[in-house]
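# Analysis of the macromolecular model
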Amino acid sequence: MGDMSADRKPGAPKPAPAGGRVVRGSVVLPDSELTWRFSRSSGPGGQHVNTSDSQVELRFDLAATQALPEVWKERALERLASRLTGGVLVVRASGHRSQWRNRETALDRMVALLGEATAPPPKQRRPTRVPRGINERRLREKKQRSEVKRNRGRGGDW
């Protein structure tokens, strides 16, 4: 009854531990290392848009963080090099009218980016040889097909 994990939908992200979001495994992105900035979203929106700061900019100093293991940090710095500004990863969200929903979106994007960037590289593919039987069968079928086509031109007496 008191267990909330049974109420969670399958496939839904795990609830965040107090003070951060889970990146992968037991590694947590601490709230203390995140910097939030809010501004007005661009585009149409009527009177509401002129008074609310609903666009969210989330910053995470990847180069200076102590939250990620050193190997993950190096991997993320290398993979996200084109997205970093002075070692800082910036994510913006302005798709929703609500600042709260934009905050959630930005945080989800940040966690997803870091999760992908810190993932281990895929295993090296070992090239395999084509089995001899398959090659022989292909050549045999090719020869049969050429026989069929060659015999087409030879007409009988009809």
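Everything here concerns the structure above.
Residues numbered from 1 in each chain as written. Predicted model: local features only at pLDDT ≥ 70, side-chain atom pairs only at ≥ 80, totals over all residues. Heavy atoms only, no water.

Right, let's get into the overall build of the protein chain. Secondary structure summary: the protein chain contains four helices and six strands in total. Secondary structure elements in the protein chain, listed N-terminal to C-terminal, are β-β-β-α-β-α-β-β-α-α. Counting all 158 residues of the protein chain, 26% fall into the buried class. Contacts in the protein chain between residues far apart in sequence, at least 24 positions, make up 59% of those at least 6 positions apart. For the protein chain, the computed accessible surface area is about 12200 Å², with 51% contributed by carbon and sulfur atoms. (Helix = DSSP H or I, 4+ residues; strand = E, 2+ residues; numbered from the N terminus. Buried < 20%, exposed > 50% of the residue type's maximum accessible area, 1.4 Å probe, protein only. Contact = heavy atoms within 4.5 Å. Areas by Shrake-Rupley, 256 points an atom, 1.4 Å probe, with all protein chains shown as cover.)

Quick look at the environment of A67 now. On the secondary structure map, A67 appears in the loop between β4 (55-61) and α2 (70-79). For the pair A67 and E33, spaced 34 residues apart in sequence, the C-alpha to C-alpha distance is 8.6 Å.

What follows is about the packing of aromatic side chains. Evaluated as defined, the whole model comprises one aromatic pair. Judged by centre distance (6.5 Å) and plane angle (5 degrees), the rings of W36 and F38 are stacked. For F38, a relative accessible area of 30% puts it in the partly exposed group. A cation over an aromatic ring shows up here: R103 above the ring of W36, its NZ or CZ 4.4 Å from the ring centre. (Phe/Tyr/Trp six-rings, centres within 6.5 Å; stacked < 30°, edge-to-face > 60°. Lys NZ or Arg CZ within 6 Å of the ring centre and 35° of its normal.)

Structural measurements only, silent on function.
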